Amino acid sequence: MLKIAIIAGTNRPNALNPQVVDWMAQQLAARGGIEAEIVRFDDFDLPVLDEPIPAGAHMYQNDHTKAWGAKLAEFDGYIFVTPEYNHSVPGGLKNALDYVSLEFNHKVAGIVNYGADKGVRAAEHLRLILANSRVAVVRDQTSFSIFTDFTDGQFTPQEVSVQPFASMIDDMVLWGEALVGAREKRAAMTDA
């Protein structure tokens, strides 16, 4: 069974994000075969990046970084639920991702995005960010419009928007299982 973190992409007050995150958790619970947990970077009190050494060195100095990295290391994959702010990912999410790197190596990710234009630019930026940490992001993503998938501030996803979700998760499971073996092989090479 794959362990998947549902990463809340913003900590903005009154954001729509918690509704989409909760919907994702319900969908994964109904599917089975996946152990999912909601992870919010704001639970780790991460200030603007304050590590003196780049994340790739994995030489964390601060307790908040160590705790954030340890939490992320628990998972086989991630679903990032991100809004689009100013044609990109929210600054808080980018900051949280800048803290770590190796914890994501050779793991799978899916992206759920939303915004005025369904958040597709945020998703594309996120793909580039995750590629630097050797994350295998599946092709299909789930995209929601704030105009058609929300009614009076409530998340009411339309079937056309929900459709890609099943194939996204199917690919995540397939790739996630394969990448467990890849991480084991990589660890054996490192230990040799």
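Residues numbered from 1 in each chain as written. Predicted model: local features only at pLDDT ≥ 70, side-chain atom pairs only at ≥ 80, totals over all residues. Heavy atoms only, no water.

Participant: Help me understand the nonpolar core in this model?
Facilitator: One recurring pattern in soluble globular proteins: nonpolar side chains tend to sit buried together. With 27 residues, the main nonpolar core has I7, W68, Y78, F80, L93, F104 and L126 as its most contacted residues. Looking at this core, the elements with two or more residues in it are β1 (2-8), α2 (63-73), β3 (77-83), α3 (91-98), β4 (107-115), α4 (120-131) and β5 (135-137). Counting residues per element, this core draws most heavily on α4, which supplies 4 residues. (Core = buried A, V, L, I, M, F, W, Y, C linked by side-chain atoms within 4.5 Å. Buried < 20%, exposed > 50% of the residue type's maximum accessible area, 1.4 Å probe, protein only. Helix = DSSP H or I, 4+ residues; strand = E, 2+ residues; numbered from the N terminus.)

Participant: What exactly am I supposed to notice about the side chain of D149 here?
Facilitator: Inspection of the secondary structure assignment puts D149 in the loop between β6 (142-145) and β7 (150-151). Here D149 is buried and forms no salt bridge, its nearest opposite-charge partner K118 lying at an N-O distance of 4.7 Å. A polar atom in the side chain of D149 sits 2.7 Å from the backbone nitrogen of Q158. Apart from the residues lying within four places of it in its own chain, the contact partners of D149 are K118, S143, F144, Q154, F155, T156, P157, Q158 and S161. (Lys, Arg positive; Asp, Glu negative; His and termini not counted. Salt bridge = Lys/Arg side-chain N within 4 Å of Asp/Glu carboxyl O. Polar contact = N/O pair within 3.5 Å; in protein donor to acceptor, adjacent residues only side chain to side chain. Contact = heavy atoms within 4.5 Å.)

Participant: Please explain the pattern of salt bridges as it appears in this structure.
Facilitator: Side chains carrying opposite charge are able to pair once their charged atoms draw close together. Overall, the coordinates contain 10 salt bridges when judged by the stated rule. Here R121 and E84 are joined by a salt bridge, their closest N and O atoms 2.7 Å apart. On the criterion of sequence distance, the pair formed by R121 in helix α4 and E84 in the loop between β3 and α3 is long-range, its members being 37 residues apart. Owing to a relative accessible area of 15%, E84 belongs among the buried residues under this scheme.

Participant: Would you mind showing me how to read the pairing of β4 here?
Facilitator: For a regular strand, side chains alternate in direction, first toward one face of the sheet and then toward the other. The buried count for β4 comes to 9 of 9 residues, which makes it a mostly enclosed element. Burial along β4 is two-sided: K107, A109, I111, N113 and G115 and V108, G110, V112 and Y114, pointing in opposite directions, are all buried. With 7 bridges joining them, β3 and β4 adopt parallel strand pairing. Following the sheet pairing, Y78 is matched in β4 by A109. Each parallel crossover has a hand, and the one from β3 via α3 to β4 is right-handed. The pairing of β4 with β5 spans 3 bridges and is classified as parallel. Each residue of the ladder has a partner; that of K107, found in β5, is V135. Bridging between β4 and β6 involves 4 bridges; their strand directions are parallel. (Pairing = 2+ DSSP bridges. Right-handed = clockwise from strand over helix to strand, strands pointing away.)

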